[in-house]
Amino acid sequence: MLEERLFTQKLLESEQMLHRIACAFLRSESDRQDAMQETALKAWQHRNRLREERFFKTWITRIMINECRLIHRKARRMTVTDTMPDQPAPDNNEVETRLMLESLPEKQRVPLILHYLEGFSLEEIAQVQNISVGIVKYRMNQARKTLRVEWNGKEEP
């Protein structure tokens, strides 16, 4: 079990990574912040479940993904009444990239983000998602293929 000071330090070191993961799942900044807070709370409450400190990054990422999925499911049940964006409009390249990533199924999008944006190894992604490394490789390959088609406008042989 992590002591309070070490837990806080590791959580603060993971903050930006967790926010980027939340951005991959959730559109609303308020939902992202809720996911961040709930992740921190649940991690603290269940810190005794973390057997080895070296797995903190993988463990906290799994908590964040689960929390984002929960918020996303709740949001689908609600009727949207406010369509104002939470942040200023991003530039065109960022919008295009985000739209392309959002167009991917979650099963393909999450491994790409964890690997390329967060630096997770294929083994760590497999552990976070409770799937085999082979499935991670397959999903990433399918995602890259889909994105190539989107960017190039046609499928390559």
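Every chain begins its residue count from 1, and numbering advances along the sequence as written. Only residues with pLDDT of at least 70 get local features here, since the model is predicted, and only at 80 or more are side-chain atom pairs given and counted; chain-wide, interface and lining totals rely on the full set of residues. The basis for every side-chain value is the complete set of heavy atoms in the structure, and neither hydrogens nor water enter the calculation.

> Describe in detail the packing of helix H1 (residues 4–25) against helix H2 (residues 29–45), supporting the description with residues and values.
Where H1 meets H2, the closest approach of the two axes is 10 Å, and the angle between their N-to-C directions is 150°. The pairing of H1 with H2 is recorded here as roughly antiparallel in orientation. Read as a crossing pair, H1 and H2 show a hand that is right-handed. Between H1 and H2, the residues in contact are Glu4, Phe7, Leu11, Glu15, Leu18, His19, Ala22 and Cys23 and Glu29, Arg32, Gln33, Met36, Thr39, Ala40, Ala43 and Trp44, respectively. All axes are obtained by fitting lines to C-alpha atoms, using only the stretch in contact for helices, and the reported angles, taken between N-to-C directions, cover 0 to 180 degrees. Each helix corresponds to a stretch of at least 4 residues labelled H or I by DSSP, and each strand to a stretch of at least 2 residues labelled E; elements are numbered beginning at the N terminus. Here is the rule for angles: anything less than 35 degrees is roughly parallel, anything more than 145 is roughly antiparallel, 65 through 115 is roughly perpendicular, and the remaining ranges are oblique. The sense of a crossing depends on the near helix, which, turned anticlockwise from the far helix by less than a right angle, makes the crossing left-handed and, turned clockwise, makes it right-handed. Any two residues whose heavy atoms approach within 4.5 Å are treated as being in contact.

> Lay out H1 in plain terms, naming residues and giving numbers.
Fitting axes to the seven residues ending at a residue and to the seven starting there, one defines the bend at that residue as the angle between these axes. Where H1 bends most, the angle comes to about 50°, and this point is glutamate 15. Type-normalised accessible area, obtained with a 1.4 Å probe on protein chains alone, sets the label of each residue: buried when under 20%, exposed when over 50%, and partly exposed for intermediate values. Three or more residues of H1 are buried, namely Phe7, Lys10, Leu11, Ser14, Met17, Leu18, Ile21, Ala22, Cys23, Ala24 and Phe25.

> Can you break down the packing of aromatic side chains residue by residue, with the values?
Any two rings among Phe, Tyr and Trp, with Trp reduced to its six-membered ring, count as a pair given centres within 6.5 Å; such a pair is stacked if its planes are under 30 degrees apart, edge-to-face if over 60, and tilted if neither. Summed over all chains, the structure comprises 3 aromatic pairs. Ring geometry for phenylalanine 56 against tryptophan 59: centres 5.7 Å apart, planes inclined by 55°, an arrangement best described as tilted. Linking phenylalanine 56 with tryptophan 59, this pair stays in helix H3 (residues 56–77), spanning 3 residues, or about one helical turn. Of the two residues examined, phenylalanine 56 and tryptophan 59, each falls in the buried class. One aromatic cluster is present, built from ring pairs that chain together Phe7, Trp44, Phe56 and Trp59. Sitting over the face of the ring of phenylalanine 120, lysine 57 holds its NZ or CZ atom 4.5 Å from the ring centroid. Lysine NZ or arginine CZ positioned within 6 Å of the ring centre and within 35 degrees of the ring normal marks a charge as sitting over the ring. Across from the ring centre of phenylalanine 25, 5.8 Å away, lies the NZ or CZ of arginine 109, which sits over that ring.

> Before we move on, could you go through the pattern of salt bridges and cite the residues and values that matter?
Definition used for salt bridges: Asp or Glu carboxyl oxygen within 4 Å of a side-chain nitrogen of Lys or Arg. In total, this model carries 7 salt bridges according to the counting rule given. When the shortest N-O distance is used, the salt bridge between glutamate 3 and arginine 5 registers 3.8 Å. A relative accessible area of 59% places arginine 5 in the exposed class. Residues glutamate 67 and lysine 42 are paired through a salt bridge, measuring 2.6 Å at the closest nitrogen-oxygen approach. Within this pair, whereas glutamate 67 is found in helix H3, its partner lysine 42 is found in helix H2, the two being separated by 25 residues in sequence.

From the geometry alone we can't say anything about function, so treat these as descriptive.
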